[in-house]
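Overview (structure and organization)
Now for the letters of each chain:
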Amino acid sequence: MANDSKTWRCGKYELSFDRPRIMGVLNVTPDSFSDGGEHFDPDAAIEYGLAMLDAGADIIDVGGESTRPGFTPVNPDEEARRVLPVVRALAKEGAIVSIDTRHVAVAKAAVRCGASIVNDVTGFTDPKMVEFVATSTCGVIVMHAGEVAAPARTHATVQLDTSAAAFVAEKAREAAAEAAREAEKPARRRRGKLLGEPKTEAKLPGGVVQPSLPFGDPEPAPEPTGEQKQETPAAEQAAPAAEATATPEPAPEPSDHLAAMMRRSARREEAYVPTSQLRRFTLPDSAPIMRRVMGFLSDQARALIHAGVSRDRICIDPGPGFGKTANEDIVIQRETAKMASLGYPLMCAVSRKRFVGAVSGVTEAAERDAATFGVCLGAIQAGANIVRVHDVTGFAQFLNGYWAVAKPQPRRAFVAVGSNLGHRCDNIRAARDMIAEIPLTCVSNCSRIYESEPAYETRQDAFANAVIEIKTELAPLVLLDELMKIEAELGRDRSKRAKVNGPRTIDLDLLWMDGEIHGGKKLRLPHPLIGERDFVLVPLEDLMHDPARFFRYNGVEVKEPEDRVGHIVGELGRM
């Protein structure tokens, strides 16, 4: 299951997997298979990325080159022009940004702009990409892009003849063989062994050799005689001529192996291969498929480790849809537990893929989200840690609902409480009681109530402040919504006419939650201003030993007491 001990280090961030993590797909392309280029404009892409963070995405995967079947390769300069403004803006808002690229120049530029993850669809088969990530601290995603079926052996078509002529020919062959054995008997008696003479094949009337079944490599078929050419239907004689005059399909650029492979993949998926034999099983054998996929992922991960990339920076992705048929993708998804057993964080990136449409009967890619959620749930139950989806809002709701009933998981969190209007201490106690009534949440401890100087906006009354320690099973954004409801019920004015740091009846800030990192406009975790607020750090000392050290360990810059804002000036009593 996803609640395991794996962690993923991605630059300055460390993701834990006590619950599955959501990666939102952000295609800054004009030709994406699922969103039709809706976010090609950088401003639209940034706005959509921030919206996905506010909807529950833990990671935003930014890509500037569509890799759908039949895609047109993009120049690295053009790809960088598309993605870098988006990466820079999202990273500035505290987002964990993944750059989806196979070009080392784009990866380098994106990491400089704030990207924390390099998602290489070619699985780090480029030595230059390996060299780059080995010298950085970013997380890496090793993806398998390739065909997993063994190359098929081609055989000449066998035409089984059940006519009377075939029966006569079979009898003739038997008679000829018997005559040959009789002729060889004297030779055996003379030399004690059979001489190796070339085999003779019986011929049907007209001189045609009856072909044997193709268990070995086929031999070239003989040229038909004039009589046979006359008997051949006109349609069959016209076929070779039509093939010769038909315009050949343009071959993919030899230098772009990914584009060529995806074109072959599309043809394999769409082609109908007639066969005279029925399949005995609904799916192909999983063993050869998984040997290829898991072998590649393991080999590439080891190569990265040998190059200097630490193991806890590596995530693996089997690459659904990349060179694979629907049957092969289903086989791979059913073997998720085996891939998870490799010990690396495992990604499920099936969103809106062709095989999801095949199993659900949904033709339009943008309408496959419900089916995507079902496939993702199966992967999560088998051990997938990260789910890459287009519909973050829908999947976050789906996951929160499932996790609430399937995985009891209370986690510790801290909420800062402040008030400088009305009866300040009563407001704080009322907020505490209302927090205790939030579903799947309880209050486990409270600091004392302190009086502090106003911060940021100094011309106002002094504040009463406290910190409440809670345990909750809610997702951070869901908990934040509940805290905002309490603020509204107690009279907090959050309209545009109210000053951001002005007077308020109550102020509730989610400071920190166990195992959670989050960025965006709506919520930042850990709270980015913890380290400079004396009115938060002093009450925290009632609840934990050395909060400054604790938050520094979690990547928060903590200022010295004299450099902080909102200094504590007195104590107002217990909660």
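Residues numbered from 1 in each chain as written. Predicted model: local features only at pLDDT ≥ 70, side-chain atom pairs only at ≥ 80, totals over all residues. Heavy atoms only, no water.

In this section: the overall build of the protein chain. In terms of regular secondary structure, the protein chain is built from 18 helices and 16 strands. With 575 residues in all, the protein chain has 47% of them scored as buried. For the protein chain, the accessible surface area stands at approximately 29,400 Å², while carbon and sulfur atoms represent 53% of it. (Helix = DSSP H or I, 4+ residues; strand = E, 2+ residues; numbered from the N terminus. Buried < 20%, exposed > 50% of the residue type's maximum accessible area, 1.4 Å probe, protein only. Areas by Shrake-Rupley, 256 points an atom, 1.4 Å probe, with all protein chains shown as cover.)

Let us now look at the pairing of strand β1 (residues 7–10). Where burial is concerned, the two faces of β1 differ: the one with W8 and C10 is buried and the one with T7 and R9 is not. Two elements, β1 and strand β2 (residues 13–16), share four bridges in a ladder whose sense is antiparallel. Along β2, the bridge assignment pairs C10 with Y13. Adjacent in sequence and paired antiparallel, β1 and β2 are bridged by two residues, among which G11 carries a positive phi angle near 65 degrees. (Pairing = 2+ DSSP bridges.)

Evaluation of the coordinates by the stated rule reveals seven aromatic pairs. With centroids separated by 5.8 Å and ring planes inclined at 35 degrees, the aromatic side chains of F414 and W512 adopt a geometry described as tilted. Residue F414 is located in strand β11 (residues 411–419), and its partner W512 is located in strand β15 (residues 507–513); the two are separated by 98 residues in the primary sequence. Aromatic ring contacts, followed pair by pair, group F414, W512, F550 and F551 into a single cluster. We note R311 situated over the ring of Y344; from NZ or CZ to the ring centre the distance is 4.1 Å. (Phe/Tyr/Trp six-rings, centres within 6.5 Å; stacked < 30°, edge-to-face > 60°. Lys NZ or Arg CZ within 6 Å of the ring centre and 35° of its normal.)

Another point: the sheet that holds strand β4 (residues 59–63). Overall, parallel pairing links the eight strands, which are arranged β8-β7-β6-β5-β4-β3-β10-β9 in an open sheet. The open sheet has two edge strands with one neighbour each: β8 (314–317) and β9 (347–348). Relative to strand β10 (residues 386–389), strand β3 (residues 21–27) is paired through four bridges, and the arrangement is parallel. Directly across from M23, in β10, lies its bridge partner R388. Taken strand by strand, helix α1 (residues 42–55) contacts β3 and β4, and its axis lies near 165 degrees from that of β3. Taken strand by strand, helix α13 (residues 369–382) contacts β9 and β10, and its axis lies near 170 degrees from that of β10. (Contact = heavy atoms within 4.5 Å. Axes fitted to C-alpha atoms, helices over the stretch in contact; angles between N-to-C directions.)

Let us now look at the packing of helix α3 (residues 104–112) against helix α4 (residues 127–134). Between α3 and α4, the shortest axis-to-axis distance is 9 Å and the interhelical angle comes to 20 degrees. Overall, the two elements α3 and α4 adopt an arrangement that is roughly parallel. For the pair α3 and α4, the crossing hand works out as right-handed. Between α3 and α4, the residues in contact are V104, A107, K108 and V111 and K128, M129 and F132, respectively. A class-by-class count of the residues in the contact of α3 with α4 yields five nonpolar, no polar and two charged. (Parallel < 35°, antiparallel > 145°, perpendicular 65-115°, else oblique. Left-handed = near helix turned anticlockwise from the far one by under 90°. Nonpolar A, V, L, I, M, F, W, Y, C, P; charged D, E, K, R; others polar.)

Turning next to the pattern of salt bridges. On inspection of all chains with the given rule, the structure shows 34 salt bridges. Its salt-bridge partner being E65, residue R102 comes within 2.8 Å of it at the nearest N-O pair. One end of the pair, R102, is in the loop between β5 (96–100) and α3; the other, E65, is in the loop between β4 and α2 (76–92), with 37 residues separating them in the sequence. For the pair R102 and E65, one class covers both residues: buried. Between E571 and R448 there is a salt bridge, with the nearest N and O atoms lying 3.5 Å from each other. Linking E571 in strand β16 (residues 568–573) with R448 in the loop between β12 (441–446) and β13 (449–452), this pair joins segments that are 123 residues apart in sequence. Members of the salt-bridge network, linked through shared partners, are D18, R21, D58, R411 and E516. (Salt bridge = Lys/Arg side-chain N within 4 Å of Asp/Glu carboxyl O.)

By relative accessible area, E571 is classed as partly exposed at 46%. Spatially, the C-alpha atom of E571 lies 6.2 Å from that of I449, the residues being 122 residues apart in sequence.

All right, on to the packing of helix α9 (residues 286–307) against helix α10 (residues 326–334) then. α10 packs onto α9 with a crossing angle of 75 degrees between their chain directions and a minimal axis gap of 10 Å. As the angle between them shows, α9 and α10 are arranged roughly perpendicular. Listed contacts from α10 to S286, I289, M290 and V293 of α9 are E328, V331 and I332. A per-class count over the contact of α9 with α10 returns five nonpolar, one polar and one charged.

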